[in-house]
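The residues making up each chain are set out below.
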Amino acid sequence: MQRLIGFWLVLLLVACEGGQLSPSQAVDATAFSTLEGAARPQGHWLAGDLHVHSDHSADGSAMRQGFDQRGPGNVSVADQIGQGVLNGLAWLPITDHRTYVQHYDPLWDSAELLLIEGEEANGSPHANPLGAVDTITQGGVPDGRPAWSRLQTSIWDAHSQGAAWSHNHPDSGHLNPDLTPNENANALGADVVEAWNAYAGIEREMVYAENRWNAGFRFGIVGASDNHFRELWPIAGPGLPATRVFAPQATVRGVIQGLRAGRTLINAGERRAAKLDLVGDFDADPEFEVLAGDEVVVAPGTTARLKLSVSNALPSSRLHLYTPPGRSQGPQYQFEVTASEQSFEFSFETPAQPSWYYAELRGPGEPHSLDFDARDDPERLSLDQVFIDERRAISSPIFVGPRLAVPVTAQALPAELELADDAQRVLGAQGQFAGFPDLAVVGQSIHLVAEMHTPGATGVYYTRKDATGLASTINLAPGSASARFPKIAAQGQRVWVVWQDERASQRPRRPAIYARQSSDGGLNWQPEILVRSLDGRAERPDLALLGDAWPVVVWQEIGPNRAFDVMVQRLGVDAAPRNLSGEDKVIAAPNAYDTRSARYPASVWPRVAVGSEGQIAVAFSDNRNDPDPNWTGSLLVGEDGATEFDEWQIRLRVWQDGGWSAPRLLGAEQRAHRHPDLCYLADGRLLVVWDSKQARPAGVNSAIHAAFSADNGQSFSTPVALAEAPQMLSQYPRVAAQGIAGAQVVWYDNRASDWRWKIMTARFDGRWDAGKLYPAPGNNTWPAIDQGHIAFASTRDARRLQRDLTQQIYLLTP
């Protein structure tokens, strides 16, 4: 959260607007445990800003804050993107408060920047998951658990999606008034921590970072503008400060992987400030193979070297190197900078205990924080220090020790449950991320797909399990480095897979829908089919097979000046896709006086099912009936008169007898009904499931709801909650028919005693049972189900609670 500043300051700065003040296949972020002969990593240092707001945030502009959220908005998504380009950035998220709808704005588009999905999540403390697939829901605190447990489960949820997690301004979320860590400091797994927020106490933020490093936590540090106000662009706009991330490729996934590895450097501004680099050598060769953020395991007493380099530095700048316990004892090494481009090297013997080394450059420049840290740094109370002794750049540490560090916390996580579930690992490797699985079962053949990550890239992979065992893995999109979110369907020997693919471009983001089929049970695959490509984004596909084994494909898409809509196409039948959501949608562009006057209701998360008699049903989430879709109020309307978290409903349409039915709505008003799935039972009934919560941004939990239709979607039974536990989070359900007239629903849930996400199911056989929790080790998420077989993502093979990307795909058979 940006600190609220006096409205007088905002008005004063309006006059300055536009002014300038003086730029292997597995990914294992655990450690370099063997360094001999290691080469320096190959990649790119890319500048960005992790924390930027638009008018999709409740306090997203000065006029809104000044008039109790009732003023007009003047900070659009496009405004912040444009300013990021002017400030020399290469990547940018828009991290609005506890919402994902900024990505449903047609202005979320850039030919210059890598736009990364972002959100300022949680009620408290604030954090940024970067690369998540939807809002990270921070629920209420269950009885018997400490308040920080909700923070821990949200970190695990983000990681299950391959997202990076950043703690925001820890001085206001993780420290007591006496600067000791509060209970939120117990949460494990943050990838980076804001140590330079333009509106916060940087010295206090560094107190927190050093305290956690001394306690065995391992994460990088980042800088962020936390910008809400265009009036502050000259001194605290996007990229002031900037965070440089070492990405294995110049892709969205590469940036996220660099953040997860903690490979970060911060400077006061990419175009107008000095830059700093820190590298290390720990194997006595000429190569500096270790980057800032890396963790090195070497024997005590090993001779090592560090190299500190500066560029664009001003005379009289000073370079400091800090070691434990940190700033309280002053820098361990100091260097006087005498040239614009300069490097310093020195040797040392590695310690007997886990340690760390980070560098900071100070010198002439504009103030780096609006509160100047004066409350916590008495030296800065002297005005002759302002502009003379400013922080210009800072690095993440290089972590060194004879073993991997183990975090020591005031309160420990509960013991991990160890009950076996007899699941088999089917995709993924140690140190690698695999997620979002799907499966289709035909006889004894189980066809599986999942998304897997390699350095800087994502791919869609297939395998098959049958009576002969588990087949080798096949990359279904070998020509792509950005294939994601696969879905699979099978009938007889025909197998179809669809996915989202950005091979055309990520600057601008241009995902398209691809498909591929096998006619011999997955042994061989025909060439790819480009299903949909447009001047915009086609995303999140799903498919089902008709009786002739041709697929019905659905997806969501958005283009210039358009809202997200749900499209459907019967491949081999329809010449073009049909828009299922746009007929009665009211769309309005913003006016020149209020960016919040825009109206782009979103239709997203489509799912499709087919019946034995050729019926087709499509369900999706839709917010057109929200009083203010995608926004948090409008001119003269404050938060009390609008929804800060949108009222989503499930919208459903059915194809029967040669046409599409009128839309049917599921889900009560004033709630958020999201992430539907559906199936036809053997007796012809249609079952729809989804997760539902109060339309509040944080502090409330979601439950799984289900409703039946006996007349092919013309009417539905009253929705019921499955295995409801009001204090727990249940989310992202999947459903499949089972038996003569039964069904089974599966989702992931945090009710287990070890707080970790677990797979849970509920069965219908005339009535719903009480549900079953699978208390297996690790975080188990993103389940898919067919004929009782469940595929899911699991971290059970991870070796550490921090800096370990291991998530693999497991198969649970009935």
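Residues numbered from 1 in each chain as written. Predicted model: local features only at pLDDT ≥ 70, side-chain atom pairs only at ≥ 80, totals over all residues. Heavy atoms only, no water.

1. Brief notes about the overall build of the protein chain
Phase 1: Helix and strand counts for the protein chain come out as eight helices and 49 strands.
Phase 2: Summarising its shape, the C-alpha atoms of the protein chain cover approximately 80 × 60 × 50 Å along the three principal directions.
Phase 3: Burial status across the protein chain gives 65% buried among its 814 residues.
Phase 4: Positive and negative charge centroids in the protein chain, built from 69 and 95 side chains respectively, lie 3 Å apart. (Helix = DSSP H or I, 4+ residues; strand = E, 2+ residues; numbered from the N terminus. Buried < 20%, exposed > 50% of the residue type's maximum accessible area, 1.4 Å probe, protein only. Lys, Arg positive; Asp, Glu negative; His and termini not counted. Charge placed at Lys NZ, Arg CZ, Asp CG, Glu CD.)

2. Considerations on the pairing of strand β4 (residues 127-130)
Phase 1: The side-chain alternation of β4 yields two buried faces, one formed by A127 and P129 and the other by N128 and L130.
Phase 2: The pairing of β4 with strand β5 (residues 164-167) spans four bridges and is classified as antiparallel. Bridged to N128 within β5 is S166. (Pairing = 2+ DSSP bridges.)

3. A short note on the pattern of salt bridges
Phase 1: With the rule as written, the count across this model stands at 48 salt bridges.
Phase 2: Here D109 ties to R510 by a salt bridge, and the two come within 2.8 Å at their closest N and O atoms. Residue D109 is located in the loop between β2 (91-93) and β3 (114-116), and its partner R510 is located in the loop between β27 (494-501) and β28 (512-518); the two are separated by 401 residues in the primary sequence.
Phase 3: Of the residues examined, R510 reaches a relative accessible area of 14% and is grouped as buried.
Phase 4: Between R318 and D389 there is a salt bridge, and its shortest N-O distance comes to 3.0 Å. Of this pair, R318 sits in strand β14 (residues 318-322) while D389 is found in the loop between β17 (355-363) and β18 (390-395), placing the two residues 71 residues apart along the sequence.
Phase 5: Here R318 falls in the partly exposed class, since its relative accessible area comes to 23%. (Salt bridge = Lys/Arg side-chain N within 4 Å of Asp/Glu carboxyl O.)

4. As for the sheet that holds strand β40 (residues 686-694)
Phase 1: Across the sheet, which stays open at both edges, the four strands sit in the order β39-β40-β41-β42 with antiparallel pairing between neighbours. Edge positions in the sheet fall to β39 (671-680) and β42 (720-722), since each of these pairs with one other strand and no more. If you compare each strand with its neighbour and ignore which way they point, the axes differ by 35 degrees on average.
Phase 2: Direction of pairing for β39 relative to β40: antiparallel, over a ladder of eight bridges. (Axes fitted to C-alpha atoms, helices over the stretch in contact; angles between N-to-C directions.)

5. Points about helix α8 (residues 252-260)
Phase 1: Of all nine residues in α8, nine are buried; the element is thus mostly enclosed.
Phase 2: Those residues of α8 lying buried are V252, R253, G254, V255, I256, Q257, G258, L259 and R260.
Phase 3: In the segment just after α8, G262 is the residue with positive phi, at about 70 degrees.

6. Section: the sheet that holds strand β48 (residues 789-794)
Phase 1: Taken together, four strands build an open sheet; the order of strands is β20-β49-β48-β47 and the sheet is antiparallel. A strand with exactly one partner marks an edge of an open sheet, and here the two such strands are β20 (424-427) and β47 (780-786). On average, adjacent strands in this sheet sit at an angle of 30 degrees to one another, irrespective of strand direction.

7. Considering empty space enclosed by the protein
Phase 1: Estimates place the volume of the largest cavity at around 330 Å³.
Phase 2: What lines the largest cavity is a set of 18 residues, and nearest its centre among them are K487, W605, R607, R734 and W782.
Phase 3: Elements with a minimum of two residues in the lining of the largest cavity: β21 (434-442), β26 (483-491), β30 (537-545), β34 (603-610), β39, β43 (730-738) and β47.
Phase 4: Residues belonging to the lining of the largest cavity are distributed by class as follows: twelve nonpolar, one polar and five charged. (1 Å grid on protein atoms, 1.4 Å probe; cavity = no way out; pocket = protein on both sides within 12 Å on 5 of 7 lines; lining within 4 Å. Points joined across faces, edges and corners; volume = space filled by probe spheres on them. Nonpolar A, V, L, I, M, F, W, Y, C, P; charged D, E, K, R; others polar.)

8. Considerations on the layout of surface pockets
One way to see where empty space is left: roll a probe the size of a water molecule over the atoms.
Phase 1: The computed volume of the largest pocket comes to approximately 900 Å³.
Phase 2: Forming the walls of the largest pocket are 32 residues, and the residues nearest its centre are A490, A544, V610, C679 and D786.
Phase 3: For the lining of the largest pocket, the secondary-structure elements that each account for two or more residues are β21, β26, β30, β34, β39, β43 and β47.
Phase 4: Of the residues contributing to the lining of the largest pocket, the split by class is 20 nonpolar, six polar and six charged.

9. Details of the environment of Y357
Phase 1: Inspection of the secondary structure assignment puts Y357 in strand β17.
Phase 2: Sequence separation between Y357 and F288 is 69 residues; the distance between their C-alpha atoms is 15 Å.
Phase 3: Excluding residues that lie within four positions of it along the chain, Y357 makes contacts with L278, L306, L321, Y322, T323, F348, P351, S396, P397, I398 and V400. (Contact = heavy atoms within 4.5 Å.)

10. Thoughts on the nonpolar core
Phase 1: With 68 residues, the main nonpolar core has Y104, W165, M206, W213, I221 and W648 as its most contacted residues.
Phase 2: Looking at this core element by element, the count peaks at five residues for helix α6 (residues 202-214).
Phase 3: Setting aside its immediate chain neighbours within four residues, W648 contacts V101, Y104, A602, V604, S621, D622, N623, R671, A672, H673 and R674.
Phase 4: One finds A274, F282, V290 and V298 within the second-largest nonpolar core, a separate group that totals 27 residues. (Core = buried A, V, L, I, M, F, W, Y, C linked by side-chain atoms within 4.5 Å.)

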